[in-house]
Amino acid sequence: MSSANFLPDLSPPDVQQAAQLIQQAYSSAQAQVDQRRIQQELVEIQRRPEAWGLIVPFLEHPDTNVQFFGAHTAQVKIMRDWDSFPEENAEYLRDLLLKLTSHSTLTGKGKVVCRKLFVAITSLALRIAPGSPSRWPDWIVSAVNSLSSSGMPPEQLLAFLTIVAEEVETADLLGPSKMQMHQSLLDASPMVVQAVITSITRPTLILPELQSALKCFQAWIYTLRANDITPIIPLLITIMTPAPDSGFDESTFSTASDVLQEIMTRSSLAGGAGTGTLTEPLLVWLDAYGDRAGSVDGVSHSLCKLLVALGDHSTMFFASNITSLKPVPGTPYSRAYFVQKFLHLLLRYTGLPGYYGVDEEASEMTLGFWYLFQESLWSVEYEDQAEDQDGIPSLLDVKEKEQWSVVNAVYVQLVEVLRRKVTWPGQRALSYWAKDEVDRFQVYRRDVGDTLINAYYIMRNDMLGYYLEDMQKRFAQPNGSQGWEEIEATLHCIMSIQEAVPLEDNPFLARLFGPDVLGRLPTSGQDRIRRTMLGLIAAYSTWFTTQPKAPTPNSTPSLLMNAISYVVTALPEPALCLPAANALRDLCDANRAALAPHIGAFAELHAGLSGIPDTEKSKVLQSIASVIQALPPEEEIPPIQAIVSPVVEKLAQSLHVSPQLVDETRIVIISQLQTLSGVAKGLTRTQDSLLILDESPEERAEAERLQRARDDYTMVKVREDLFNTIRNVTTFWSVDAGVSDALSDFFRSITSLPSDITLLSLPAAPIFEIICLACQRQLTAVWLSLANMLVIQLDPPMLFSASTLKSAPSPEALGVISTLLPILLEASLGVLGQPGAMEANPDIVQAFFGCMDTIAKHFLVGFYRLPPGALDALMQCAVTSLSLQERYSLVATCTFLETLIRRTASSDDLGDASTILIQGHGRPIIRAILCGFAGVAPRSATQNLIELLSIVASKFPAETRTWMTDILFAVCIASYWAVMRSNMGAGRLCAIKGKPGGEADFRESYHRVCNVVHTSFLY
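Nothing here was measured: the structure is a model prediction, and the numbers come from that model.

### Remarks on the overall build of the protein
Consideration 1: The secondary structure content of the protein amounts to 48 helices and 0 strands.
Consideration 2: Going through the 1019 residues of the protein one by one, you find that 49% of them count as buried.
Consideration 3: Taking the contacts inside the protein whose residues are at least 6 apart along the sequence as the reference set, 74% of them involve residues at least 24 apart.
Consideration 4: As presented, the protein carries roughly 46400 Å² of accessible surface, and 53% of it is formed by carbon and sulfur atoms.

Structural data, given as structure tokens:
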């Protein structure tokens, strides 16, 4: 082609060799390894300057794959290698691409080739159209005129305009260029709208052209103004309308429906705008043709999506006009008629026949609307809000009553429909479902539960009344025809709305847990409905606290004891043991005081635990322990001994099992540790001690009574046996991941602050020793986090102290830290000091410096009682970790160093310790901070480095000024800071690429660093 003489001229053999390489890449006969090699060779070819010369000969090649590669090469070279292209040839390249595109279209080349050429033209426009003056003014109109004059059909022109909108919208441009390209789209909008209207209003629609026009309009929706979109809405509705005596055309209907959905979600008419031009016309159309709602086919599915989009768009309109008598123009009906018809159609889709995920896929899409509708109903504001006059109800009151009457009727239907939709099929039908169908249906049931919560906020107790009446009717059926699946669905619905039901006495819930419902449910077989009822009891466990407590164990069984009996009956059954144990735990935890008089029944339960698996026994024992906690302290001793001693004994015996049974032993140890953790949690009182603002004489007396019970010989022996056994378990099994996790949970449960102490609580000091020894065997973040917790328990807060100053830690606690801190440091630094250890174990680094920070806050003097060299090793480790790339590790290190330096410099008891500390480690710390500012540390940690530098500079200004002078003018640091200044461009790029405020944040961090550095030199 003569107009391509400005491109490199390649010899025919070279072109042919490259074309053969492309054909080999697309050949199925090539091995996968060879194809990867060929692809890499093609990429290398495209990178060469001579690749510009491949565009024309490749597009003229008879092979479609070669043609595509030629068009792709044009796009790639423009996007990646434009800086090396001669600027004076840009207009020639533009004219060449337009001619090549027209020629490719007219000669019938594949759509993928033409599409790639459209992308290449747009990529070129993104290069040369922006600027002043523009090298391609009015480029969209100019390109369309050029392509149209060459004979390109409308379908392809619309496809080109689609590419233009998509590429410009996603282009990575700087601010002025982006605005200029967006303006070019706005300038071309009238032409685009006219082209779309022309294509969709032809007397005889051409399907490919129609679909191309609708896709083009959909791509331009984000750019078009509202007055550009409005004229096309009635045309889209006309396209969806079926011809007389014929059905819907699925392809055209779905395409037009998709465009309308885009208008309602992404255009300038989104968010409820255009009620007169969009909402009302669609409602009128739905009234005439919405009878397709409720079926299962392609048109119906698309119609459901349209309904949902309209519901999301016009929720407030529906809420405001559900009873409005205002007429809709062009119809004899009011807005209320059309709104209620819309809700009726949406309800039909919500209640599609069959099971979701098996028979239909649409009903789930409608659930979100009912949440938005309920929120909008609460936000409605009426006009003409006249005040009451002479006792006559205001117009507002009348409107509200009328509105809520209709709304309640709608939500009653919704509740009825959803109760039916969550009903499981019979066991025989369910056996034919695939696992993924079962899983999808279970997820759907949970989603329906969220929708039912919104319905409860509308219906309140009427909703519970409906469910109770429905179950009563089914119980009245002859035996065997009650429909347990239907009753189970009702129970599931009641369970789903628990979080919305107020915590107060409720007659409907009293009926639910009384003999009328709970007493008539099966107690054997029928696992599904029993499992649901167990979950319902667990969900409403706190509601039983609103009921009167039975005065004596011989009283008529209360609703709470009815629920307990139902739960206990299910415990021995393997299929129900887990939900039954969970329900029992929740019931006992929430109703401790009410169940305490029935401790004898729980003793019988404990005696019959032999049939319950160990995995669930821990929850049952936690339940029993919760009830025990409500007893007077001296009465807790026998039952605690009864439930703890057998577990401790079994745990001790497991340590002497044959080494050949390691896996079995491991399972036993974990299960017994979980059981002990459950007991410890159950014995912990439910009231948070941190919420108690003052200690009354009664509370002091109760604390003394508890301490006397702890000092009882029986309890001392129980705790001693427990501690010795746990120490042995930790000695032999602490390196096992599963056992260490179980030990961690146990230690967190069995230790506490003094205000939360129980009869079984173990002191922190000996547990801390066990943890330090475990760290010597294998250092993990689990042990270090436990050590952190125990340090706080060694120096607990004084909740009821009259002084506002924190008292010094006790000599005993300080002695524990002085003894165990060297052990912990030796174990930790021995691991973290190995090459690459800190980079490979950021969780350990974070937990370690978190623990050191806690020790610095509570036992600062412990660091200065360390053996010689230990503190220096710790500081060297901290300085090294300041160069880590993992943010959380670096933040933990900064926090520790900040605490150590600030508290050491502020302490009058440590003498010249602060001077020795800063002279030995101040310079390395400052150097690490400045290197972090210069790019070594992640940018997200800049604030933490700034705070650390501020502390050092404020406490030791003279030394800081000297060190920073030397360090900042060092060659290596100076190069770092040069990199930081150049990174300002990266910050600007981040801001442009969709991170609002990225550039501003970067500038702020940069200037704050400079301010701290500058301030340091002013001292």
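### A word on the nonpolar core
Consideration 1: Counting 309 residues, the largest nonpolar core has Trp 220, Ile 263, Phe 513, Met 852 and Phe 863 as its most contacted members.
Consideration 2: Judged by nonpolar contacts, the second largest core, of 13 residues, contains Ala 18, Ala 19, Ile 22 and Ala 25.

### Notes on the environment of Ser 431
Consideration 1: The topology assignment puts Ser 431 in the loop between α20 (427-430) and α21 (435-459).
Consideration 2: Given a relative accessible area of 54%, Ser 431 falls into the exposed group.
Consideration 3: Within polar-contact distance, the side chain of Ser 431 engages the backbone oxygen of Arg 428 at 2.4 Å.

### Some points on the pattern of salt bridges
Consideration 1: For the structure shown, the criterion picks out 32 salt bridges.
Consideration 2: A salt bridge links Arg 37 to Glu 41; the nearest nitrogen and oxygen atoms lie 2.7 Å apart. Highlighted residues: Arg 37 and Glu 41, both in helix α2 (residues 32-47), separated by 4 residues, approximately one helical turn.
Consideration 3: Using a relative accessible area of 41% as the deciding quantity, one classes Arg 37 as partly exposed.
Consideration 4: Note that Arg 266 and Glu 262 form a salt bridge whose closest N and O atoms lie 2.9 Å from each other. Of the two residues, Arg 266 and Glu 262 both sit in helix α13 (residues 250-266), 4 residues apart, roughly one turn of that helix.
Consideration 5: By relative accessible area, Arg 266 is classed as partly exposed at 33%.
Consideration 6: Sharing partners across several salt bridges, the network here consists of Arg 419, Asp 470, Arg 474 and Glu 486.

### A few points about the packing of aromatic side chains
Consideration 1: Scanning the entire structure with this criterion turns up 41 aromatic pairs.
Consideration 2: With centroids separated by 5.5 Å and ring planes inclined at 35 degrees, the aromatic side chains of Trp 285 and Tyr 289 adopt a geometry described as tilted. With Trp 285 and Tyr 289 both in helix α14 (residues 275-289) and 4 residues apart, the pair spans about one turn of that helix.
Consideration 3: The exposure class of Tyr 289 is partly exposed, given its relative accessible area of 28%.

### Digging into helix α4 (residues 64-80)
Consideration 1: Spanning 17 residues, α4 covers 24 Å between terminal C-alpha atoms, matching the ideal 24 Å at 1.5 Å per step.
Consideration 2: If you check which residues of α4 are buried, you get Val 66, Gln 67, Phe 69, Gly 70, Ala 71, Thr 73, Ala 74, Gln 75, Val 76, Lys 77 and Ile 78.
Consideration 3: Where α4 begins, one side-chain oxygen reaches toward the backbone nitrogen of Asn 65, 2.7 Å away; that side chain belongs to Asp 63.

### Brief notes about unusual backbone geometry
Consideration 1: For the bond from Ser 132 to Pro 133, the omega torsion is 0 degrees, close enough to zero to count as cis.
Consideration 2: Turning to its location among the elements, Pro 133 is positioned in the loop between α6 (111-128) and α7 (139-149).
Consideration 3: Despite not being glycine, Asp 138 shows a phi value in the positive range, around 50 degrees.
Consideration 4: With respect to the helices and strands, Asp 138 occurs in the loop between α6 and α7.
Consideration 5: Residues other than glycine seldom take positive phi values, yet Arg 460 does so here, at roughly 55 degrees.
Consideration 6: Classification of Arg 460 by relative accessible area gives partly exposed; the value is 38%.

### Quick word on the packing of α21 against helix α22 (residues 461-475)
Consideration 1: The interhelical angle for the contact between α21 and α22, taken along N-to-C directions, is 110 degrees, at an axis separation of 6 Å. One element, α21, and the other, α22, form an angle in the roughly perpendicular class. Residues Leu 452, Ala 455, Tyr 456 and Met 459 of α21 pack against Asn 461, Asp 462, Met 463, Leu 464 and Tyr 467 of α22.
Consideration 2: Its residues assigned to classes, the contact of α21 with α22 comprises 7 nonpolar, 1 polar and 1 charged.

### Regarding helix α36 (residues 764-777)
Consideration 1: End to end, α36 covers 20 Å across 14 residues, agreeing with the expected 20 Å (1.5 Å per residue, within 8%).
Consideration 2: In this fold, the buried residues of α36 make contact with α34 (713-733), α35 (737-750), α37 (781-794) and α38 (811-832).

### Considerations on the side chain of Thr 665
Consideration 1: Structurally, Thr 665 is set in helix α32 (residues 662-683).
Consideration 2: Ignoring anything within four residues of it in the chain, the contact list for Thr 665 reads Ser 654, Val 657 and Trp 733.

### Re the confidence of the model for the protein
Consideration 1: Averaged over every residue, the pLDDT of the protein is 88; the share at 70 or more is 89%.
Consideration 2: In this model residues 384-389 is a low-confidence stretch, pLDDT under 50, and it forms 7 contacts with partners more than four residues away in sequence or in other chains.
Consideration 3: Within the model, the stretch residues 689-693 combines pLDDT values under 50 with 9 contacts to residues more than four positions away or in other chains.

### Comments concerning the environment of Gly 354
Consideration 1: Mapped onto the elements of the fold, Gly 354 is located in the loop between α17 (335-350) and α18 (367-377).
Consideration 2: Residue classification places Gly 354 among the partly exposed residues on the basis of a relative accessible area of 32%.
Consideration 3: Beyond its immediate stretch of four places on either side in the chain, Gly 354 contacts Asp 359 and Lys 421.

### A closer look at the packing of helix α29 (residues 599-607) against helix α30 (residues 614-629)
Packed helices, taken two at a time, are described by the angle between their axes plus the distance between the axes.
Consideration 1: Direction vectors running N to C along α29 and α30 enclose 160 degrees, while the axes themselves pass 10 Å from each other. The angle between the axes of α29 and α30 places the two elements in the roughly antiparallel class. Considering only the axes of α29 and α30, their crossing is left-handed. Residues Ile 599, Phe 602, Leu 605 and His 606 of α29 form the contact with α30, whose participating residues are Val 620, Leu 621, Ile 624, Val 627 and Ile 628.
Consideration 2: The class makeup of the residues in the contact of α29 with α30 is 8 nonpolar, 1 polar and no charged.

### Here's the deal with the environment of Tyr 864
Consideration 1: Topologically, Tyr 864 is positioned in the loop between α40 (842-858) and α41 (870-881).
Consideration 2: Overall, the relative accessible area of 24% leaves Tyr 864 in the partly exposed class.
Consideration 3: Residues Tyr 864 and Leu 910, spaced 46 residues apart in sequence, show a C-alpha to C-alpha distance of 8.2 Å.
Consideration 4: Not counting residues within four places of it along the chain, the set of residues in contact with Tyr 864 comprises Leu 871, Leu 900, Thr 904, Leu 910, Ala 913 and Leu 917.

What counts as what
- Residues numbered from 1 in each chain as written.
- Predicted model: local features only at pLDDT ≥ 70, side-chain atom pairs only at ≥ 80, totals over all residues.
- Heavy atoms only, no water.
- Helix = DSSP H or I, 4+ residues; strand = E, 2+ residues; numbered from the N terminus.
- Buried < 20%, exposed > 50% of the residue type's maximum accessible area, 1.4 Å probe, protein only.
- Contact = heavy atoms within 4.5 Å.
- Areas by Shrake-Rupley, 256 points an atom, 1.4 Å probe, with all protein chains shown as cover.
- Core = buried A, V, L, I, M, F, W, Y, C linked by side-chain atoms within 4.5 Å.
- Polar contact = N/O pair within 3.5 Å; in protein donor to acceptor, adjacent residues only side chain to side chain.
- Salt bridge = Lys/Arg side-chain N within 4 Å of Asp/Glu carboxyl O.
- Phe/Tyr/Trp six-rings, centres within 6.5 Å; stacked < 30°, edge-to-face > 60°.
- Expected span 1.5 Å × (residues − 1).
- Axes fitted to C-alpha atoms, helices over the stretch in contact; angles between N-to-C directions.
- Parallel < 35°, antiparallel > 145°, perpendicular 65-115°, else oblique.
- Nonpolar A, V, L, I, M, F, W, Y, C, P; charged D, E, K, R; others polar.
- pLDDT = per-residue confidence, 0-100.
- Left-handed = near helix turned anticlockwise from the far one by under 90°.

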